[in-house]
Each structure stands twice: as structure tokens, then as C-alpha cells.
Protein chains: 2
Amino acid sequence: MDEILLKKYADVENCPVRNVLDRFGDKWSTLVLLVLDDVAVIRFNEIHKMIDSISQKMLAVTLKSLEADGLIIRKQYPEIPPRVEYTLSERGASLIPHIKSLVQWANANFEDITKSRAAYKK
Amino acid sequence: MDEILLKKYADVENCPVRNVLDRFGDKWSTLVLLVLDDVAVIRFNEIHKMIDSISQKMLAVTLKSLEADGLIIRKQYPEIPPRVEYTLSERGASLIPHIKSLVQWANANFEDITKSRAAYKK
DNA sequence: CAGGATCCGGGTAGATACTG
DNA sequence: CAGTATCTACCCGGATCCTG
């Protein structure tokens, strides 16, 4: 690993690793990004339907923080009833391949890890 | 994205995405893996020195769960004072490239994201 | 040295109700 | 429809103390 990263192990505030982890670490961001990548354009309630285990509140919070980080774009139409559409930004799209490679690893190793975990308990 | 993943959005328990995310999502696992990759063999207190912001407790917890998942190997020597060495397992090593690609993305985008976040607040 | 046990506080997620 | 507001409960993480 780079020297740069090594030195930053201790520097929690400005550590890019920590920073990106805090973004991924949260329960839903990654899943939302994958959904957006999957459907291109989507509305609030549609996301909620696709990830039905997320609460309305957490979906709102997640979308807001993703928007704040410039990973997704929120487009609001001045209509009644209101309509809001979410899409991936360029920055968000550039992140997708990395997430997907992780997901593929997860899929490939999921079963083995589950077995290890079960065996460990004994 | 694959159909398979799509269907699994709703299936929290058996979803590989969720599962791998829960492993990464925790505050320290990824950082510990990076350290292990960096040094090959390392003892408890050495990790603690490198990541000094982690508490003793969380380091122990993190190492245990990584071991349970078969991502690291714990080797204990029957000596006094006790000595325990940690190394990456093959499975753990196979994960490293994926993490690193994510870290690189984080480094490349860290500054811009920080700016976006600051601008959003106004 | 490498942790285990315990206690404790704060933040975060969930449920529910409400609104422009 | 697309959220916000509030309240609560739980869990996580830190600090401290202890031990083989």
C-alpha cells in the first residue's frame, strides 16, 4: 500500500479510507446506488418498493446524503402531486464498477463465508 | 445488473450484497484487512499501534469476526508471555484488490466530495 | 502480552403521525 | 406524492478494570 494511506491510518478526520467507508458503511447507500444504476431514472416511492425493507425515513436520509456528496441528482418537478426523480451523477456512475466488483466477490464467497461462520460457533 | 441481485433487494437475510456490506460497514474491518495486507504478519498490539484510534475492545471484536469469516488466520503460540500472530487468509487476500480499488476511488474523489458536501450545506 | 468482562452514554434506526 | 417531525429503544463503541 501507498505510504500516503499508511500514514493516514491514524488520521481519522481526513482519511479518505475512513471517509469512503463511512459513506458505504451505512446500511443503505450502496444498495440505493445499485438500484439507481439499474433503472437510470426513478422516483422516491419506486425505490421504496424495490428496497422494501428500508424505512421511509432512512430512504430520505440516504438520498439526501448521496445528493450532498454529488453521487446522485435530484430533479424536482413543480407539479401537484409532486414528482421527484433521482438519477446517478457522473461521479456516482464512476463508483458503480467498484461496488459491483465487490458485490461479485460477495456473491462468489458468500456461501463459504457463511459456512466458516457457522463452523466457528461450534 | 443481474436478475439475481435485483430479486434479492428485498431479501435482507440471504442477500450477499447486504451480507458483504455488513462486513464492510462496520467501522474497522476494512482498515484491519488493509493493515494485514500491508505487513503480512502482525501481532495484536502492533495493529493497535498502527490504528491507534481503535479501542482495544473493538480491535478484538473485529479480529474475531474476521477470523470467524475465514478472512484472517489467527496463530497462537503457547508461550509466556503469550504471542498471537495474524495473517490474511487466501480468502482475505482475494478481497484486498476490491477494497483497494474502492480506496483508490475514494482518494481520487475525496476532495470533490468534500467540496460538494460543503456547498450543499449553504 | 492478548485479550475478557462489565458498565455506561450517545447516536441512529425504526415506528408513527403529520403536511405542502 | 414525497417527504418532515417527533419520540423511543436499542445497539455500538469507548473507558475502565481484570486475568491467564
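Remember, it's a predicted structure, so these values are computed and weren't measured experimentally.

About the thresholds
Residues numbered from 1 in each chain as written. Chains lettered and ligands numbered in written order. Predicted model: local features only at pLDDT ≥ 70, side-chain atom pairs only at ≥ 80, totals over all residues. Heavy atoms only, no water. Least-squares fit on C-alpha atoms with pLDDT ≥ 70 in both. Contact = heavy atoms within 4.5 Å. Helix = DSSP H or I, 4+ residues; strand = E, 2+ residues; numbered from the N terminus. Buried < 20%, exposed > 50% of the residue type's maximum accessible area, 1.4 Å probe, protein only. Axes fitted to C-alpha atoms, helices over the stretch in contact; angles between N-to-C directions. Parallel < 35°, antiparallel > 145°, perpendicular 65-115°, else oblique. Nonpolar A, V, L, I, M, F, W, Y, C, P; charged D, E, K, R; others polar. Pairing = 2+ DSSP bridges. Buried area = accessible area lost by both parts, 1.4 Å probe. Salt bridge = Lys/Arg side-chain N within 4 Å of Asp/Glu carboxyl O. Polar contact = N/O pair within 3.5 Å; in protein donor to acceptor, adjacent residues only side chain to side chain.

Asks: Help me get a handle on the relation of the copies chain B and chain A, residues and values and all.
Replies: Placing chain B over chain A gives an RMSD of 0.1 Å and needs a rotation angle of 180 degrees, together with 0.0 Å of translation along the axis. Accordingly, the operation relating the two chain copies is best matched by a two-fold axis. Closest approach to the rotation axis within chain B is made by the C-alpha atom of Gly 25 of chain B, at a distance of 1.7 Å. An overlap of 100% is found between the interface residues of chain B and their copies at the interface of chain A, pointing to a shared contact surface.

Asks: Provide a residue-level description of unusual backbone geometry, including the pertinent values.
Replies: For the bond from Ile 80 of chain A to Pro 81 of chain A, the omega torsion is 0 degrees, close enough to zero to count as cis. Looking at where Pro 81 of chain A falls in the secondary structure, it is placed in the loop between β2 (72-77) and β3 (83-88). One non-glycine residue with positive phi stands out, namely Ala 40 of chain B, at about 75 degrees. Tracing the backbone through its elements, the reader meets Ala 40 of chain B in the loop between α3 (29-39) and β1 (42-43). You can call Ala 40 of chain B partly exposed: its relative accessible area is 47%.

Asks: So what's going on with the packing of helix α6 (residues 90-121) of chain A against helix α5 (residues 56-68) of chain B? Residues and values would help.
Replies: At a minimum axis distance of 8 Å, the contact between α6 of chain A and α5 of chain B shows a crossing angle of 115 degrees. Put simply, α6 of chain A runs roughly perpendicular to α5 of chain B. In this structure, α6 of chain A uses Ser 116, Arg 117 and Tyr 120 of chain A to contact α5 of chain B, whose residues at the interface are Lys 64, Glu 67 and Ala 68 of chain B. Considering only residue class, the contact of α6 of chain A with α5 of chain B consists of 2 nonpolar, 1 polar and 3 charged.

Asks: For the sheet that holds strand β1 (residues 42-43) of chain A, give the residues involved together with the corresponding values.
Replies: Residue and element names in this part refer to chain A. If you trace the 3 strands from one edge of the open sheet to the other, you get β1-β3-β2, paired in antiparallel fashion. The two strands at the open ends of the sheet, each matched to only one other strand, are β1 and β2. Looking at chain direction, β1 and β3 are connected through 2 bridges and run antiparallel. Residue Arg 43 lies in a different strand from β3, and its bridge partner there is Glu 85.

Asks: Describe in detail the interface of chain B and chain A, supporting the description with residues and values.
Replies: How large an interface is tends to be reported as the accessible area lost when its parts come together. Each partner contributes residues to the interface: chain B has 52 residues there, and chain A has 52 residues. Here chain B meets chain A over a buried area of about 5100 Å², counting both sides, of which 64% is carbon and sulfur. Between Arg 117 of chain B and Asp 69 of chain A there is a salt bridge; the shortest N-O distance is 2.6 Å. Taken together, the links from chain B to chain A amount to 12 residue pairs in polar contact (both at pLDDT 80 or more). Contributing elements (two or more residues each) for the side of chain B that touches chain A: α1 (3-7), α2 (16-25), α3, α5 and α6 (90-121) of chain B. Ranked by residue count, the leading element in the side of chain B that touches chain A is α6 of chain B, at 19 residues. Grouping the amino acids of the side of chain B that touches chain A by side-chain chemistry returns 28 nonpolar, 12 polar and 12 charged.

Asks: Describe the pattern of salt bridges, naming the residues involved and giving the relevant values.
Replies: Applying the stated criterion across every chain yields a total of 10 salt bridges over all chains. Glu 111 of chain A is the partner of Lys 115 of chain A in a salt bridge, and the nearest nitrogen-oxygen pair spans 3.9 Å. On the criterion of helical spacing, the pair formed by Lys 115 of chain A and Glu 111 of chain A is a turn pair, its members being 4 residues apart in helix α6. Judged by relative accessible area, which is 52%, Lys 115 of chain A ranks as exposed. Between Glu 79 of chain B and Arg 83 of chain B there is a salt bridge, with its nearest N and O atoms 3.0 Å apart.

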